[in-house]
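Chain by chain, the residues:
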Amino acid sequence: MTFRRFLIKRTAIAAILTLVAVSVIFATLRMLPSDPFSGLVASGALTPSQVEELRALYGLDEPIWVQYLKYIQNLFTFQFGLSLTQQRPVSEIIGPALLNTMVLLLPALITTAIVSSLAGMYAGWNRGSWFEQFSIITTTFFRATPIFVTGIFLLIIFSYGLGWFPAFGMRSSMANPEGLAATYLSVDFLKHYILPFTATVLFYSGDFLMLARNSVVERKGSEFLKLHRAKGLSEMEQLGRAGRNSLLPLVTYFALRTGMLFQGVITLEVVFAWPGIGRALVQAILNQDYPTVQAAVFIMALAVIVMNLTADIAYARLDPTVEAGDV
Amino acid sequence: MSGYALDAETAKDRLQSELSRARYTLRKVLEDNAAKIGFAIIVAFVFMGLFGPYLAPHHPIEHTMRADGSMMRLESPTTTAPMGTTSFGKDVLSQFLAGARPTLIVGVFGGIGTGVLGFLVGLTSGYFGGRVDEALMRLTDLTFALPFLPMALLILSFVTPNIWLITGVLVIFLWKMPARVIRSEVMTVKERTFVKSARARGAGHLRTMFLHVAPNVLGIGFLYTAYAFGWSIVAGASLAFLGFGDPTMTSWGRMLQQVYRSGAMRVAWWWVFPPAVGIAAVTTAVFLVGRAFEELVNPDLQTEQE
């Protein structure tokens, strides 16, 4: 199979997968026994006819297949409609939340990818050293412990105990910044940023460290390194060669993780009251705000599918031994 | 010919040899110091999960601690309540002991469910290949694409969460992990000569799959069952922390949710630390043991010096 055909096949699969995923989301949401308006009748706030009008306004009175087609059409044109509970467009809710999540997680992911991969290569090269033992146990601890528990530990120590950092939100309640630069480039923001950033870095460090370590360990006995040793390269130079050969799994893993970034780290955002997409989604679920839930879950699913596709293609392109036929 | 269909006798025989191999592996794993500590923590946790509710001095929810006729609210540790009390006047020690059980249930059944389902899917997919493989792998792609926690929250928001349902939801989203790994292992094993010769001698698909291929990937299967045990505990605790846990049971995740909601986290360290340390210790222990085990089953890591 040529690379071109491989590309077409993978893209087609990704497209179908997206369609199936959004259909599952639609079906799940429609299985909900009630919509947010039925509660209003029960509480006597609205008459049944007023509720009917409301339902018509949101298109909830149409046959299910019409709703489904409209839903699909709107999603793929990124028209997410109006929030049921906040009376404003869903994109106005999702957009800023997504940005907040990205501002938090992307730098954290990049930092940990670089630092932990280097540490992991060093650990794998010095197999059996105290550094290897120590780094594995520490990162295993932070990888295994749920991220909100790590967050709680950080809060108790650095926020409540030592009083160094604020515990909640993205800015202090008095701050009212205008514009992006003022929002994300202030000392106040930085103070709120450090703890959730640290928790994220620690959480992701384990995977990169183990991947890097394992692939250096796997390459240590290989022929090409023997050659380099025979050539008289120093230890560090040899590690550099081995490390370069270990990059492929790390790059792939980074792509997959980036896709999952859009899901935010829900519990982390809740613990630190970070106004990101995960927290927005939890609130929308609690308020039964369908359009917001649909849009948020759709973006998350789409990101994973697109980044998986990117990883697959990158892998096939970068690694000459991957047979493109084996999909 | 009896030998070439799957019968009870051969199955028993195989099981016995697998068991002795398992004992040997466990000894090997426990030579690692980190794994030793991890194993001790797991044993203690299982003990607490089984007997904790009977050891608890008070009922975790119904009993209210009182001193001099008034409710003990947010008291730091004293002799009557060695781990202090919650803001609702409940004994933290009792909640901690009783809370191990739901955590253990979710871990054990989520882990085994994920391990078994993932193993069977991976085995089938890798062994048959072709269309079967294609269909099953697209299904795993789908569960990868649907974000786990959001979907789980959605499902649990319109049914009353109970512990079995939560465990079921976890299995639905976690089986894909072992399935993928087992599948790729099976694909290399089934090309080996002994599998081909078993087929050539007329062994059926079932016999070949379970007696010839499966034992060679069993190690990885166990490894992922152990990991799934850890993942289930993490996921169960996360759901409970977000308020989607079983409302009738006090789990460690739920304790954390209550202390967070009540706003007492600022002062009540005695209420936060027991469940937080409990969860962190158990999940870390699982992964430490798993890691030591992985060094044994992953042949690529065996390239010891020179």
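What you are looking at is a predicted structure, and each value in this text was computed from that prediction instead of being measured.

1. Re the packing of aromatic side chains
Argument step 1. Under the counting rule described, the total for this entry stands at 25 aromatic pairs over all chains.
Argument step 2. Measuring from ring centre to ring centre gives 6.4 Å for Trp130 of chain A and Phe134 of chain A, while their planes differ by 55°; the resulting arrangement is tilted. One end of the pair is Trp130 of chain A and the other is Phe134 of chain A, both in helix H6 (residues 130-144) and 4 residues apart, which spans about a single turn. Here Trp130 of chain A and Phe134 of chain A have matching classes, each one exposed.
Argument step 3. Aromatic side chains Tyr224 of chain B and Tyr227 of chain B sit 5.8 Å apart centroid to centroid with 85° between the ring planes, which places their arrangement in the edge-to-face category. Within this pair, Tyr224 of chain B and its partner Tyr227 of chain B are both found in helix H9 (residues 205-241), separated by 3 residues, close to a single helical turn.
Argument step 4. Taking relative accessible area as the criterion, Tyr224 of chain B reaches 16% and is therefore assigned buried.
Argument step 5. Here a set of aromatic residues connected by ring pairs shows up, and it is made of Tyr122, Trp130, Phe131 and Phe134 of chain A.

2. Considering the pattern of salt bridges
Argument step 1. By the definition in use, this model includes 7 salt bridges over all chains.
Argument step 2. Across the pair Asp207 of chain A and Arg257 of chain A runs a salt bridge whose closest N-O atoms are separated by 3.8 Å. Taken together, the positions of Asp207 of chain A in helix H9 (residues 187-220) and Arg257 of chain A in helix H12 (residues 247-261) put the pair 50 residues apart, joining distant regions of the chain. The burial state of Asp207 of chain A is the same as that of Arg257 of chain A; both residues are buried.
Argument step 3. Taking the shortest distance from any N to any O, the salt bridge between Asp133 of chain B and Arg183 of chain B comes out at 2.6 Å. With Asp133 of chain B in helix H4 (residues 130-145) and Arg183 of chain B in helix H7 (residues 176-189), this pair connects stretches of sequence that are 50 residues apart.

3. What about the interface of chain B and chain A?
Argument step 1. At the junction of the two partners, chain B supplies 46 residues and chain A supplies 52 residues.
Argument step 2. In total, chain B and chain A occlude about 4500 Å² of area from one another, counting both sides; carbon and sulfur atoms represent 74% of this.
Argument step 3. Put simply, chain B and chain A have 4 residue pairs in polar contact (both at pLDDT 80 or more) between them.
Argument step 4. Taken together, the elements giving at least two residues each to the side of chain B that touches chain A come down to H4, helix H5 (148-157), H9, helix H10 (252-262) and helix H11 (269-297) of chain B.
Argument step 5. For the side of chain B that touches chain A, the residue count by class is 31 nonpolar, 6 polar and 9 charged.

4. Here's the deal with the packing of helix H7 (residues 147-161) of chain A against H9 of chain A
Residue and element names in this part refer to chain A.
Argument step 1. For the pair H7 and H9, interaxial distance at closest approach is 10 Å and the crossing angle is 140°. For the element pair H7 / H9, the angle class is oblique. As for how H7 packs across H9, the hand of that crossing is right-handed. In this structure, H7 contributes Ile147, Leu154, Leu155, Phe158 and Ser159 to the contact, and H9 contributes Leu195, Thr198, Ala199, Thr200 and Phe203.
Argument step 2. Its residues assigned to classes, the contact of H7 with H9 shows 7 nonpolar, 3 polar and no charged.

5. Regarding the UniProt feature "domain: ABC transmembrane type-1" (unreviewed entry) in chain B
Argument step 1. Cross-referencing UniProt, the feature "domain: ABC transmembrane type-1" (unreviewed entry) maps to residues 100-290 of chain B in the present numbering.
Argument step 2. Span residues 100-290 of chain B is 83% helix and 0% strand, its end C-alpha atoms 21 Å apart.

6. What to know about the side chain of Arg138 of chain B
Argument step 1. Structurally, Arg138 of chain B can be placed in helix H4.
Argument step 2. On the basis of relative accessible area, Arg138 of chain B is assigned to the buried category, the value being 19%.
Argument step 3. The contact partners of Arg138 of chain B, leaving out residues within four places of it in the chain, are Arg10, Ile13 and Leu17 of chain A.

7. A closer look at unusual backbone geometry
Residues and elements named next belong to chain A.
Argument step 1. Non-glycine residue Ala273 carries a positive phi angle of around 50°.
Argument step 2. Mapped onto the fold, Ala273 is located in the loop between helix H13 (266-271) and helix H14 (277-286).
Argument step 3. Classification of Ala273 by relative accessible area gives buried; the value is 17%.

Thresholds, definitions, all that
Residue numbers restart at each chain and count upward from 1, following the sequence in its written direction. Starting at A for chains and at 1 for ligands, labels are handed out in the order in which the entities are written. This being a predicted model, a pLDDT of at least 70 is required before a residue's local features are given, and a value of 80 or more before pairs of side-chain atoms are given or counted; all residues contribute to the totals for chains, interfaces and linings. To get the side-chain values, take all heavy atoms of the structure and skip hydrogens and water. Between the rings of Phe, Tyr and Trp (Trp by its six-membered ring), a pair exists once the centres lie within 6.5 Å; its type follows the angle of the planes, with under 30 degrees stacked, over 60 edge-to-face, and the other angles tilted. Numbering of helices and strands starts at the N terminus; helices are DSSP runs of H or I of at least 4 residues and strands are runs of E of at least 2. Working definition: with a 1.4 Å probe on protein chains only, accessible area under 20% of the residue-type maximum means buried, over 50% means exposed, and in between means partly exposed. Salt bridge, as used here: a side-chain nitrogen of Lys or Arg that lies within 4 Å of a carboxyl oxygen of Asp or Glu. Two residues qualify as a contact provided that any one of their heavy atoms is within 4.5 Å of a heavy atom in the partner residue. Simply put, the buried area is the total loss of 1.4 Å probe accessible area from both parts when two parts are fitted together. Between N or O atoms, a polar contact is any pair within 3.5 Å; within protein, one atom must be a potential hydrogen donor and the other a potential acceptor, and residues adjacent in sequence are included only when both atoms are from side chains. Ten residues, namely Ala, Val, Leu, Ile, Met, Phe, Trp, Tyr, Cys and Pro, are considered nonpolar, four, namely Asp, Glu, Lys and Arg, are considered charged, and the remaining ones, Gly among them, are considered polar. Only the contacting stretch of a helix is used when fitting its axis, a line to C-alpha atoms as for every element, and angles between N-to-C directions run 0 to 180 degrees. By definition in this entry, angles of less than 35 degrees are roughly parallel, angles greater than 145 are roughly antiparallel, angles of 65 to 115 are roughly perpendicular, and the rest are oblique. Rotating anticlockwise by less than a right angle from the far helix to the near helix defines a left-handed crossing, while the corresponding clockwise rotation defines a right-handed one. UniProt positions are given in the numbering used here, feature names are shortened, and annotations may be inferred rather than shown by experiment.

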